[in-house]
Amino acid sequence: MNKKLENIVNNLDLIRQLYDKEVIISVIDKDHIVQGFSLPPGLPPQMPIGSVFEDPSGIFDEVVAKGITKHNYLPKEVMGFPVEGNLVPVKDGGEVVGCVICSYSVEGKEKVREIAEKFRQSIQEIDDSVQDVIVGIETLFRMLTNMNEVTSDVEKDVNEASGVVNKISNNASHSNILALNASIEAARSGEAGKGFAVVATEMGKLAKDSGSSATEIKTTLSAIVNHLQSITQSITEANDVAKSHMDNINSIKGILEYTVSVARELENDVKL
């Protein structure tokens, strides 16, 4: 073993105690052979002395070849749990003779990242659902507005029909007066006016029936107008409720969007 590497190996336990974290310090020569390691108490050896260090990322070879310090992450498949840390080249006479790896477990960090990712996804799903609700309320709002306009048009038509019925009622009243006058004149005419008197009587009946029908139609139209006004009032109230819900949901959406951004930042902060 190179003398410099040997000195480091002999002081590994002391070096490890300088760190607050439960770090793992390993000394590996430039041929990937483990020369020594120091582990926190209770942690079983992961790389026995004399074993070959496997680094699928290629960072170790870069550190040895270029003589530069690099930061690296190893998934749990390599050492049994995920770790990250620094790889520092050891030089002797200007030549790289090995590498000291100071690493620590990031299992807790990974769990936080996974939780943050799930949290962000859940909030995103809620945000998408709220967006669907907003679209639904906007559609309902437009439908209620259209119904209100249609109801107003129907009310105008009913009012116009009521005007026509009033004219019919007035005409029936006039016809009734004419029939009465005709009956009087027929009576004055004696025998010659008997036929005309029959016609006048029938005209009077027809005028009376027309007046009664007009009154019934007017009563029905009046009831329709009252119902339309009730419908219009209900639609207006429904519009107010929809608008209130829309404002509340927009506020919720703003909060959710902020929460999503915070969750994304948290996820990025703990990303390995």
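Not measured: the values here are computed from a predicted model. (Residues numbered from 1 in each chain as written. Predicted model: local features only at pLDDT ≥ 70, side-chain atom pairs only at ≥ 80, totals over all residues. Heavy atoms only, no water.)

**Re the overall build of the chain**
- For the chain, the count of helices and strands is six helices and five strands.
- Put simply, the chain runs from its N terminus to its C terminus through helices and strands in the order α-α-β-β-α-β-α-β-β-α-α.
- Each of the 272 residues in the chain was classed as buried or not, and the buried ones make up 32%.
- Restricting the contact set of the chain to residue pairs at least 6 apart, pairs at least 24 apart contribute 57%.
- A total of about 16800 Å² of accessible surface is found on the chain, and carbon and sulfur atoms cover 56% of it. (Helix = DSSP H or I, 4+ residues; strand = E, 2+ residues; numbered from the N terminus. Buried < 20%, exposed > 50% of the residue type's maximum accessible area, 1.4 Å probe, protein only. Contact = heavy atoms within 4.5 Å. Areas by Shrake-Rupley, 256 points an atom, 1.4 Å probe, with all protein chains shown as cover.)

**A few points about the pattern of salt bridges**
- In total, this model carries three salt bridges according to the counting rule given.
- Here Lys66 and Glu62 are joined by a salt bridge, their closest N and O atoms 3.5 Å apart. Of this pair, Lys66 and Glu62 are both found in helix 3 (residues 59-66), four residues apart, which corresponds to roughly one turn of the helix.
- The exposed category is assigned to Lys66, whose relative accessible area is 56%.
- The partner of Glu62 in a salt bridge is Lys70, and the shortest N-O contact between them spans 3.7 Å.
- By relative accessible area, which is 24% here, Glu62 ends up partly exposed.
- With a relative accessible area of 25%, Lys70 lands in the partly exposed category. (Salt bridge = Lys/Arg side-chain N within 4 Å of Asp/Glu carboxyl O.)

**Looking at empty space enclosed by the protein**
- In the structure shown here, the tally under the stated rule is one cavity of 30 Å³ or more.
- In terms of lining residues, the largest cavity is bounded by 15 residues, among which Leu74, Val83, Leu87, Ile101 and Ser103 are the most central.
- At the level of secondary structure, the elements contributing two or more residues to the lining of the largest cavity comprise strand 1 (23-29), strand 3 (70-74), strand 4 (83-92) and strand 5 (95-105).
- Looking at which element gives the most residues to the lining of the largest cavity, the answer is strand 4, with four residues. (1 Å grid on protein atoms, 1.4 Å probe; cavity = no way out; pocket = protein on both sides within 12 Å on 5 of 7 lines; lining within 4 Å. Points joined across faces, edges and corners; volume = space filled by probe spheres on them.)

**Notes on the nonpolar core**
- Of all hydrophobic cores here, the largest spans 17 residues; its most connected members are Ile28, Phe53, Phe60, Leu87, Cys99 and Ile101.
- When residues of this core are assigned to their parent elements, the largest contribution, four residues, is made by helix 3.
- Residues contacting Phe60, with those up to four places away along its chain left out, are Ile28, Asp29, Lys30, His32, Phe53, Asp55, Leu87 and Cys99.
- With 10 residues, the next largest nonpolar core counts Leu5, Val23, Val90 and Cys102 among its residues. (Core = buried A, V, L, I, M, F, W, Y, C linked by side-chain atoms within 4.5 Å.)

**Re a negative patch on the surface**
- Taken together, Glu149, Asp153, Asp157 and Glu160 make up a surface patch of like negative charges.
- Its place among the elements puts Asp153 in helix 5 (residues 107-188).
- Asp153 sits in the partly exposed class, given a relative accessible area of 43%. (Patch = residues over 30% accessible without salt bridge, like charges linked within 9 Å, V, L, I, M, F, W, Y side chains within 5 Å. Lys, Arg positive; Asp, Glu negative; His and termini not counted. Charge placed at Lys NZ, Arg CZ, Asp CG, Glu CD.)

**What to know about the side chain of Asn72**
- Here Asn72 lies in strand 3.
- Looking at Asn72, its side chain comes within polar contact range of the side chain of Ser57, at 3.1 Å. (Polar contact = N/O pair within 3.5 Å; in protein donor to acceptor, adjacent residues only side chain to side chain.)

**A closer look at the pairing of strand 5**
- With eight of its 11 residues buried, strand 5 lies for the most part within the structure.
- Where strand 1 meets strand 5, seven bridges bridge the pair, whose relative direction is antiparallel. Note that in strand 5 the partner of Val23 across the bridge is Tyr104.
- Two strands pair when backbone bridges link them, and strand 4 and strand 5 are joined in this way by 10 bridges, in the antiparallel orientation. Of the residues in strand 5, the one forming a bridge with Asp92 is Glu95.
- Following strand 4, the chain reverses through two residues before pairing antiparallel with strand 5; Gly93 in that reversal takes a positive phi of roughly 65°. (Pairing = 2+ DSSP bridges.)

**With respect to the environment of Ile59**
- Inspection of the secondary structure assignment puts Ile59 in helix 3.
- Looking at Ile59, the relative accessible area reads 13%, which means it is buried.
- On a C-alpha basis, the gap between Ile59 and Leu87 in space is 8.2 Å, while along the polypeptide they are 28 residues apart.
- Residues in contact with Ile59, not counting those within four places in the same chain, are Lys70, Asn72 and Leu87.

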